[in-house]
Amino acid sequence: DTVMIPIGKTYFDEDDFKAVVEPLKSGWVLQGKYVKEFEDVFSSFTDVKNSVAVSSGSTALQLVLSTYGLKEGDEVILPSFTWIATANAIEYTGAKPVFVDIDLSTYNIDVNKIENAITERTKGIIPVHLFGLCADMDAINSIAKKHNLFVVEDAACALGSYYKGRHCGSFGDYGCFSFHPRKSITTGEGGMITTNDAAKSDLCRSLRNHGASDKKALPFLLSDYDNLGYNFRMTDIQGALGVSQMKKINFLLDERKKAAALYDKHLSKIEWLNLPAAGKDYTHSYQSYVCMFMPEEINEKNVEKISSKRNEFMMMLEREGAATRQGTHSVAHQQYYKKKYCLENSDCFNSKAAEMCTIAFPVYPGISENEIISVATIAEKYKP
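Thresholds, definitions, all that
Residues numbered from 1 in each chain as written. Predicted model: local features only at pLDDT ≥ 70, side-chain atom pairs only at ≥ 80, totals over all residues. Heavy atoms only, no water. Helix = DSSP H or I, 4+ residues; strand = E, 2+ residues; numbered from the N terminus. Rg over C-alpha atoms; globule rule 2.2 N^0.38 Å. Buried < 20%, exposed > 50% of the residue type's maximum accessible area, 1.4 Å probe, protein only. Contact = heavy atoms within 4.5 Å. Areas by Shrake-Rupley, 256 points an atom, 1.4 Å probe, with all protein chains shown as cover. Salt bridge = Lys/Arg side-chain N within 4 Å of Asp/Glu carboxyl O. Pairing = 2+ DSSP bridges. Right-handed = clockwise from strand over helix to strand, strands pointing away. Patch = residues over 30% accessible without salt bridge, like charges linked within 9 Å, V, L, I, M, F, W, Y side chains within 5 Å. Phe/Tyr/Trp six-rings, centres within 6.5 Å; stacked < 30°, edge-to-face > 60°.

> Explain the overall build of the chain residue by residue, including any values.
Across its full length, the chain holds 13 helices and 13 strands. For 384 residues, the compact-globule estimate of 2.2 N^0.38 gives 21 Å, and the C-alpha radius of gyration of the chain, at 21 Å, lies within 12% of that figure. Summarising its shape, the C-alpha atoms of the chain cover approximately 75 × 55 × 35 Å along the three principal directions. Out of the 384 residues belonging to the chain, those deemed buried represent 55%. Taking all contacts inside the chain whose residues are at least 6 apart in sequence as the whole, residues at least 24 apart take part in 70%. Accessible surface, the chain: about 17100 Å² in total, of which carbon and sulfur atoms supply 51%.

Listed below in structure tokens is the structure:
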């Protein structure tokens with residue numbers, strides 16, 4: 001029976017177990033001092049002035065988009081190759097998600113295609129730092145400035161990712177992070193909003209807590225509610241785990257980078273796999289290690305054939321004991337969006353090709369060189 005090398009694995013140690021028990025012992029389990037400490041530690045690591053903890057990366061996006069007063073008829077630009085939550089957050093506001101294709105060498109939004117998607121109804125851009133590689137933020141910010149658009153960074157995968165020496169989540173009006181179990185640190189579910197603007201962070205704090213204002217005349221009276229908010233709070237149990245996870249953030253990130261370097265070394269012989277690469281201005285945090293299965297140049301005629309070979313290859317890895325996944329999906333080709341906005345298969349073709357031909361290999365703290373070698377050895381057996 002082959003031992004399964006999982007696609008990802010959470011890393012918890014004794015400190016994490018102890019941390020989670022502290023709020024239980026104190027009896028205070030909802031948002032409290034540990035959430036505040038987590039926010040402070042996160043701000044200090046990312047070098048962003050304000051961090052606001054919320055219940056997930058998805059609610060982080062929803063909350064910040066709700067601050068723009070978007071309505072039906074408005075448009076927000078995003079890459080098509082991303083997790084569906086990016087588009088859903090726009091959809092909930094009543095605005096229309098406008099999908100832009102990606103650059104296949106980075107899997108991030110193709111900055112050369114953004115301006116063609118801008119209309120008089122466009123209000124903002126959501127670049128996604130996919131798999132731990134920052135989008136080209138200088139180009140995106142200069143387009144946004146020229147057209148007077150907001151920028152919200154979807155940094156769900158990108159804790160530990162840098163562009164020109166700056167941590168992601170510090171370039172746009174807001175950054176939104178996720179702490180889902182496959183991310184670099186986890187609080188089970190959970191998310192963080194970052195912003196350098198104090199007024200924006202105050203508004204987010206109010207909105208995550210039903211729209212409550214901080215001011216109340218007497219301690220036993222309820223707050224005033226100045227805004228229409230949500231219950232997007234993080235619990236102190238999650239906050240305590242977040243603090244404990246952030247204490248080993250450099251170790252956790254180094255483990256991923258080490259694994260990626262080993263994959264680079266051991267998979268480089270396989271000509272039909274395009275390995276992930278980061279340009280000199282970028283620090284990749286390798287939330288995922290995603291390759292393109294490319295036995296030949298991909299086009300609309302051969303993409304189905306190549307995709308079925310990729311699936312065959314992934315099945316072989318599965319049988320031999322290594323779990324893989326496709327990178328992510330092309331949201332423009334998910335039924336809800338395809339039907340509602342009458343999108344064609346040929347729209348955002350690179351995103352569709354990436355959905356059909358990418359492979360994420362197992363990456364997590366503690367994966368050994370032997371495990372990576374065994375994945376590479378299985379991979380080398382395949383002849384596309």
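Now that the structure is up, let's keep going.
> Talk me through helix H4 (residues 84–92); I want residue IDs and the actual numbers.
For H4, the set of buried residues is Ala 85, Thr 86, Ala 87, Ala 89, Ile 90 and Glu 91. On its buried face, H4 sits against helix H3 (57–66), strand S2 (75–79), strand S3 (96–100), strand S5 (150–154) and helix H11 (335–340). Gly 94 sits one or two positions beyond H4 and adopts a positive phi of about 95°.

> Give me the lowdown on the pattern of salt bridges, citing residues and values where you can.
In this structure the tally under the stated criterion is 22 salt bridges. Two residues, Glu 75 and Arg 121, come together in a salt bridge whose shortest N-O distance is 3.2 Å. Of this pair, Glu 75 sits in strand S2 while Arg 121 is found in the loop between helix H5 (114–117) and strand S4 (122–125), placing the two residues 46 residues apart along the sequence. A salt bridge links Lys 258 to Glu 255, with the nearest nitrogen and oxygen atoms 3.0 Å apart. Here Lys 258 and its partner Glu 255 are both found in helix H9 (residues 249–267), three residues apart, which amounts to about one turn of the helix. On the basis of relative accessible area, Glu 255 is assigned to the buried category, the value being 14%. Linked by salt bridges that have partners in common, Asp 13, Asp 16 and Lys 248 make up one network.

> How would you sum up the side chain of Lys 352? Please name residues and give values.
Mapping Lys 352 onto the fold places it in helix H12 (residues 349–357). Owing to a relative accessible area of 18%, Lys 352 belongs among the buried residues under this scheme.

> Pulling in residues and values, what's your account of the sheet that holds strand S6 (residues 162–163)?
Here three strands make up an open sheet; going across it, the order is S7-S6-S11 and the pairing antiparallel. At either margin of the open sheet sits one strand with a lone partner, and together these are strand S7 (166–167) and strand S11 (282–283).

> Give me the pairing of strand S1 (residues 50–54): which residues, what numbers.
Of all five residues that make up S1, five are buried, and the element is covered over most of its length. Side-chain alternation along S1 places Asn 50, Val 52 and Val 54 on one buried face and Ser 51 and Ala 53 on a second face that is also buried. With five bridges joining them, S1 and strand S9 (residues 191–195) adopt antiparallel strand pairing. Within S9, the residue paired with Val 54 across the bridge is Gly 191.

> Outline the pairing of S2, supporting the account with residue identities and numerical values.
The buried fraction of S2 is high, at five of five residues. Because side chains alternate across S2, one face comprises the buried residues Glu 75, Ile 77 and Pro 79, and the other comprises Val 76 and Leu 78, equally buried. Where S2 lies against S3, five bridges are found, and the strand directions are parallel. Bridge pairing in S3 links Glu 75 to Lys 96. This β-α-β element, S2 to H4 to S3, shows right-handed connectivity. Both S2 and S4 contribute to a ladder of three bridges, which runs parallel. Pairing of Val 76 across the sheet is with Gly 124, part of S4.

> Quick rundown of a nonpolar patch on the surface? Include the residues and the values.
A cluster of nonpolar side chains, contributed by Val 21, Leu 24 and Val 29, occupies part of the molecular surface with about 220 Å² of accessible area. Mapped onto the elements of the fold, Leu 24 is located in helix H1 (residues 14–26).

> Give me the packing of aromatic side chains: which residues, what numbers.
Taken as a whole, this structure holds 25 aromatic pairs when the rule is applied. Judged by centre distance (5.8 Å) and plane angle (40°), the rings of Tyr 263 and Phe 361 are tilted. Note that Tyr 263 is positioned in helix H9 and Phe 361 in strand S13 (residues 358–361), a separation of 98 residues in sequence. The two residues Tyr 263 and Phe 361 agree in class, both being buried. With 5.1 Å between their ring centres and 90° between their planes, Trp 272 and Phe 313 make a pair best called edge-to-face. Here Trp 272, found in the loop between H9 and strand S10 (273–274), pairs with Phe 313, found in helix H10 (residues 303–319); they are 41 residues apart in sequence, far enough to count as distant.

> Hey, could you go over H12 for me, with residue numbers and the actual values?
Of all the nine residues making up H12, eight are buried; the element is thus mostly covered by neighbouring parts of the structure. By the burial criterion, the buried members of H12 are Phe 349, Ser 351, Lys 352, Ala 353, Ala 354, Glu 355, Met 356 and Cys 357. Summarising the contacts, the buried residues of H12 are in contact with strand S12 (289–293), H10 and S13.

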